[in-house]
Number of protein chains: 4
Amino acid sequence: MLLENLRKEVLSAALQLIRYGLVTLTGGNVSGRDEQTGYIAITPSGMDYEKLNPADIVIIDGAGNTVDGKWKASVDTKDHLYIYRQRPDIQGIIHTHSPYACSFAMLHREIPCCSTTLANEVGGSVPVARYTPVAEAAIGPAVMEVLGDKNACLLANHGVIAVGHSVRHALVAAVMLEDGAKVYHLASLKGEPVQLPPEEIEKARNVFLYTYGQSS
Amino acid sequence: MLLENLRKEVLSAALQLIRYGLVTLTGGNVSGRDEQTGYIAITPSGMDYEKLNPADIVIIDGAGNTVDGKWKASVDTKDHLYIYRQRPDIQGIIHTHSPYACSFAMLHREIPCCSTTLANEVGGSVPVARYTPVAEAAIGPAVMEVLGDKNACLLANHGVIAVGHSVRHALVAAVMLEDGAKVYHLASLKGEPVQLPPEEIEKARNVFLYTYGQSS
Amino acid sequence: MLLENLRKEVLSAALQLIRYGLVTLTGGNVSGRDEQTGYIAITPSGMDYEKLNPADIVIIDGAGNTVDGKWKASVDTKDHLYIYRQRPDIQGIIHTHSPYACSFAMLHREIPCCSTTLANEVGGSVPVARYTPVAEAAIGPAVMEVLGDKNACLLANHGVIAVGHSVRHALVAAVMLEDGAKVYHLASLKGEPVQLPPEEIEKARNVFLYTYGQSS
Amino acid sequence: MLLENLRKEVLSAALQLIRYGLVTLTGGNVSGRDEQTGYIAITPSGMDYEKLNPADIVIIDGAGNTVDGKWKASVDTKDHLYIYRQRPDIQGIIHTHSPYACSFAMLHREIPCCSTTLANEVGGSVPVARYTPVAEAAIGPAVMEVLGDKNACLLANHGVIAVGHSVRHALVAAVMLEDGAKVYHLASLKGEPVQLPPEEIEKARNVFLYTYGQSS
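Since we're looking at a predicted model, the values are computed, not measured.

1. Things to note about the arrangement of the chains
Between chain A and chain C there is no contact, and the shortest C-alpha to C-alpha distance separating them is 11 Å. Of all C-alpha pairs spanning chain B and chain D, none lies closer than 11 Å, and the two are not in contact.

Set out below in structure tokens:
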């Protein structure tokens, strides 16, 4: 099967989104880019992740043409393609409707960085991309306006985009963003959360990128 | 088995209600109408969904007489029948006690449309039907007073009714309503959620009805 | 095995408490009384419900002597016995630490009846028993001071006691109390929940006792 | 396999952290000390607990040298070692990012003891250790400044450390701390939670240590 491992990685991440409550039913979407061919593996539109096999993941080229797969690709495919074109370093993109993160997106309010979780895995405070309609290829450009070197941003009145140098890396950012958003939400109802100083955010970020895990 | 597929679809939706926490134990009910015969498949009263087989789903005619099945139909059967009679376009009805949505129902307060989720899948803000006692066939009429072209409404001090052109469509509305209610709740504790303009709601609605998924 | 069915019913209810998040790890306890013998089946102290077999449920007589079983009975056994002695109509008792209900218990504040859920299955507003130390047989008397004809009450700074004419009935009360407590909590953060008039509570109560389910 | 039972206990506790939502993905860490050898079994850095076998748990000596195991030990290993050196009575240490507890850590605010849950299993109010960067071996000393005879403390802007005379005991403290933190959070949004008097905390603490469960 063409790009079988990448397809499996995309499907596995989609299943984790369901498990962690970042999407419900057929919501959200996941893609990964193969660095060799430049092809992108992306979830099909409006299908239950739990009923999918790796072969149901659609393979498209950088222009959005289907290379392999029998289903229509995600309704947000053009936004994924836009981000991949702008950022050669990004190989995984995940879109969710994570509830705590979305509550900030509904207020058009960024999430300040008050926890090592956000510092480590998202790279600091979480910015908000301006509102754009869905399915009009306008999300990608709005994301690029605010993303900078972060691993995630909010979409006003809509959801979340998380990115990474792999599908797994984008998944970690998506899960940890929701974790961090929940804790910040809970704290902010009781008082004024204490922000981390920029140098501590930087330090925590580097731990995650260079010390944590088995690969370094 | 009479209307086996419809019975399976009703049972499968009931199991999703449990999974997504929209009902607990034997709460809520689900029905679907067969367009050919006009018969309705509905969950039995007060039974654990997880112990049911498709044959346990009761088949009734439009007057509420049992056509097939050994159990007593849902205590809210007359309300389902009322809605089906008024709305030939509706083929699926789901009643839940979704906690975030119910918290608005307890305040007799509609949920404003501040997210693409509510716009896409419920059709905008969520109205509240006036309080009526349970098991007196008064819920159906109260729902019809406020439903309009939406896919769901709240029942004051009680719960949620979601509808659709299929059981699956009603399920999507029920799940996404709770999602949208939760995000709106969380946001409203921290500030004033930004409402979507009517033209954006319309656009988002059309994406879900005509672009999203594999069928179009 | 002595009272095998009752033991199974007690264990099954204990597993549901875990599932619905009403207790964690080995918290809470469940008992049922056999009307013929007057014996009581009760969960053992501090053991994982998921590792138990029906034989691990302890059988005691009305004085608390072990009739069958190899484990020490629940630390709250004397409180169960007290309630059974006072109330011949009660055959099932469940103690939980349900988080939303406990948040009212921590404020020594009753939960008003603003939903058909509480009216149907708990019988109206939920009273609070005064604080008493654990493991001193003082909980039972405190519960009887406030329970009246309700199916549940809160224990100040501690938890919940739910009762019923069967273990299943007590389980329904425990699960629905937490449901109702959660919805009331969420609503009360946003405004003033609308209370149900006493005659509507009475009506809803009767539906649950006489119309709902398959047995009547 | 060297210290097979201890490794199993560590892995089993790590899986419970995932189940109860105290960590997500590869977050947190768990260790246990073998009293005979003084060796410590600890989770590897950044690996999915659900994919681990007992052999994947790393065995280190008191100086942090790997005795058995092929993976890099947790990024917080030095902090575990520091605590074990200071406290010969502690044989289990667990680090989590439990969301409700973390919301207090983000405010640098201790959790008052208003429930038998916190009194029984954590030993009273929950103190906050000052902020320290991760992966610099500074967490251990900060914890020891505030822990006293409690079974858990918060880490400012970061997480939770729970300890016990066994891995299981530390797990109970971690789970019950989050339970207690959630209830206190919910109550504090609605009013002023009623604190338990010190003598009641002491009494409740002793029940858990000496009366509860099967071992005494």
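Next comes the rest of the description.
2. Here's the deal with the pairing of strand β1 (residues 29–33) of chain D
All names here are of chain D. Among the five residues of β1, five are classified as buried, and the element is accordingly described as predominantly covered. Residues N29, S31 and R33 line one face of β1 and the alternating positions V30 and G32 line the opposite face, and both faces are buried. As defined by bridge partners, β1 adjoins strand β5 (residues 92–96) across four bridges and the pair is classed as antiparallel. Bridging across to β5, S31 finds its partner in I93. Of the strand pairs in this sheet, β1 and strand β2 (residues 40–42) are connected by three bridges, and their pairing is antiparallel.

3. Some words on the packing of aromatic side chains
According to the stated counting rule, one finds eight aromatic pairs over all chains in the structure shown. Look at F208 of chain B and Y212 of chain B: their rings are 5.9 Å apart centre to centre, the planes differ by 35°, and that puts the pair in the tilted class. A ring pair is formed by F104 of chain C and Y184 of chain C, whose centres lie 5.7 Å apart and whose planes are at 55°; its orientation type is tilted. Of the two residues, F104 of chain C sits in helix α3 (residues 99–105) while Y184 of chain C sits in helix α6 (residues 167–190), which places them 80 residues apart along the sequence. Grouping residues by exposure puts F104 of chain C and Y184 of chain C together as buried. Across the ring face of Y20 of chain A, the terminal group of R19 of chain A is positioned such that the distance to the ring centre comes to 5.5 Å.

4. Concerning the UniProt feature "domain: Class II aldolase/adducin N-terminal" (unreviewed entry) in chain A
Annotation from UniProt places "domain: Class II aldolase/adducin N-terminal" (unreviewed entry) at residues 8–185 of chain A. Along residues 8–185 of chain A one finds 35% helix and 17% strand; the C-alpha atoms at either end are 34 Å apart.

5. Some points on the relation of the copies chain D and chain C
Superposing chain D onto chain C takes a rotation of 90° plus a shift of 0.0 Å along the axis, which leaves an RMSD of 0.0 Å. Read as a symmetry element, the transformation amounts to a four-fold axis. Ranked by how close their C-alpha atoms come to the rotation axis, the residues of chain D are headed by L189 of chain D, at 5.3 Å. The two copies present different faces, since only 3% of the interface residues in chain D are matched by interface residues at the equivalent positions in chain C.

6. A word on helix α2 (residues 77–86) of chain A
Owing to its 3.6 residues per turn, the α-helix brings residues three or four apart onto one side. Buried within α2 of chain A are the following residues: T77, D79, H80, L81, I83 and Y84 of chain A. On its buried side, α2 of chain A packs onto β1 (29–33), β2 (40–42), β3 (58–60), β5 (92–96), α5 (139–146) and β8 (159–164) of chain A.

7. Section: the side chain of R87 of chain A
With respect to the helices and strands, the residue R87 of chain A is situated in the loop between α2 and β5. Once residues within four sequence positions are removed from consideration, R87 of chain A is found in contact with R33, M144, L147 and G148 of chain A.

8. Quick word on the environment of T66 of chain D
Residues and elements named next belong to chain D. As for its position among the elements, T66 is in strand β4 (residues 66–68). For T66, a relative accessible area of 48% translates into the label partly exposed. Discounting residues that sit within four places of it in the chain, T66 has contacts with V58, I59 and I60.

9. Remarks on the environment of S45 of chain D
Mapping S45 of chain D onto the fold places it in the loop between β2 and β3 (58–60). If we ignore the near neighbours within four places in the chain, the residues touching S45 of chain D are Y212, G213 and Q214 of chain A together with K72, A73, S74 and V75 of chain D.

10. Topic: the environment of G27 of chain C
Within the secondary structure, G27 of chain C sits in the loop between α1 (4–19) and β1 (29–33). G27 of chain C gets classed as buried once you look at its relative accessible area, which sits at 7%. Along the chain, G27 of chain C and Y49 of chain C lie 22 residues apart, while their C-alpha atoms are 9.3 Å from each other. Among residues more than four places away in sequence, those in contact with G27 of chain C are Y49 of chain C together with Y212 of chain D.

11. Here we look at the interface of chain D and chain C
Interfaces are often sized by the amount of accessible area the parts lose when they come together. Listed as interface residues are 34 residues of chain D and, on the opposing side, 34 residues of chain C. In this assembly, chain D packs against chain C so that about 3000 Å² is buried in total across both faces, 60% of it on carbon and sulfur atoms. When the area that chain D buries against chain C is broken down by residue, the three leading residues are K190, Y212 and Q214 of chain D, summing to 23%. Our count for the contact surface shared by chain D and chain C stands at three salt bridges. A salt bridge links D48 of chain C to R168 of chain D; the shortest N-O distance between them is 3.6 Å. Where chain D meets chain C, there are 16 residue pairs in polar contact (both at pLDDT 80 or more). Those elements that provide at least two residues to the side of chain D that touches chain C are α1 (4–19), α4 (116–121), α6 (167–188) and α7 (198–211) of chain D. It is α6 of chain D that contributes the most residues to the side of chain D that touches chain C, 11 residues altogether. A breakdown of the residues in the side of chain D that touches chain C according to their chemical character gives 16 nonpolar, 10 polar and eight charged.

12. A short note on the sheet that holds β8 of chain A
Across a sheet, strands are paired by hydrogen bonds formed along the backbone, either parallel or antiparallel in direction. Within the open sheet, the eight strands sit side by side as β4-β3-β2-β1-β5-β8-β7-β6 (chain A). Their pairing is mixed. Pairing within the sheet leaves two strands with one partner each, and these edge strands are β4 (66–68) and β6 (128–129) of chain A.

13. Structural notes on the pattern of salt bridges
This structure, assessed with the given rule, holds 40 salt bridges over all chains. The salt bridge involving E136 of chain A is made with K203 of chain B; its shortest N-O contact spans 3.5 Å. Highlighted residues: E136 of chain A in the loop between β6 and α5 and K203 of chain B in helix α7 (residues 198–211), drawn from two different chains. On the accessibility criterion, K203 of chain B (32% relative accessible area) is partly exposed.

14. Quick word on the nonpolar core
Residues L154 and L177 of chain A, L154 and L177 of chain B together with L154 and L177 of chain D are the most contacted members of the largest nonpolar core, which totals 173 residues. Contacts of L177 of chain D, omitting those with residues within four sequence positions, involve A101, I111, L118, V122, V126, A152, L154 and V160 of chain D.

15. So, the sheet that holds strand β7 (residues 152–155) of chain D
All names here are of chain D. The strand order across the open sheet built from eight strands is β4-β3-β2-β1-β5-β8-β7-β6, with neighbouring strands paired in mixed fashion. Across the chains shown, the open sheet's two edge strands, defined by having one partner strand only, are β4 and β6 (128–129). Strands β1, β5, β7 and β8 (159–164) of the sheet are contacted by α6, whose axis makes an angle of about 140° with β8.

16. What to know about the interface of chain A and chain D
Taken together, the 34 residues of chain A in the interface contact 34 residues of chain D. Together chain A and chain D conceal approximately 3000 Å² of surface at their shared face, both sides included; 60% is due to carbon and sulfur atoms. On the surface where chain A and chain D come into contact, there are three salt bridges. As a salt-bridge pair, E50 of chain D and R19 of chain A come within 2.6 Å of each other at their nearest N and O atoms. Of all the secondary structure elements, the ones that give two or more residues to the side of chain A that touches chain D are α1 (4–19), α4 (116–121), α6 (167–188) and α7 (198–211) of chain A. Ranked by the residues each element gives to the side of chain A that touches chain D, the list is headed by α6 of chain A, at 11 residues. Taken together, the residues that form the side of chain A that touches chain D break down as 16 nonpolar, 10 polar and eight charged.

17. Here's the deal with the state of the cysteines
Under the defined criterion, the tally for this structure stands at zero disulfides over all chains. Left without a disulfide partner, C153 of chain A is nearest to the cysteine sulfur of C102 of chain A, which lies 12 Å away. A residue is classified by how much of its surface remains accessible, and C153 of chain A, at 0% relative accessible area, is buried. Take C113 of chain D: it sits in no disulfide, and the sulfur closest to it among the cysteines is that of C114 of chain D, at 6.8 Å.

Calculation notes
- Residues numbered from 1 in each chain as written.
- Chains lettered and ligands numbered in written order.
- Predicted model: local features only at pLDDT ≥ 70, side-chain atom pairs only at ≥ 80, totals over all residues.
- Heavy atoms only, no water.
- Contact = heavy atoms within 4.5 Å.
- Buried < 20%, exposed > 50% of the residue type's maximum accessible area, 1.4 Å probe, protein only.
- Helix = DSSP H or I, 4+ residues; strand = E, 2+ residues; numbered from the N terminus.
- Pairing = 2+ DSSP bridges.
- Phe/Tyr/Trp six-rings, centres within 6.5 Å; stacked < 30°, edge-to-face > 60°.
- Lys NZ or Arg CZ within 6 Å of the ring centre and 35° of its normal.
- UniProt positions renumbered as here; feature names shortened; annotations may be inferred.
- Least-squares fit on C-alpha atoms with pLDDT ≥ 70 in both.
- Buried area = accessible area lost by both parts, 1.4 Å probe.
- Salt bridge = Lys/Arg side-chain N within 4 Å of Asp/Glu carboxyl O.
- Polar contact = N/O pair within 3.5 Å; in protein donor to acceptor, adjacent residues only side chain to side chain.
- Nonpolar A, V, L, I, M, F, W, Y, C, P; charged D, E, K, R; others polar.
- Core = buried A, V, L, I, M, F, W, Y, C linked by side-chain atoms within 4.5 Å.
- Axes fitted to C-alpha atoms, helices over the stretch in contact; angles between N-to-C directions.
- Disulfide = S-S within 2.5 Å.

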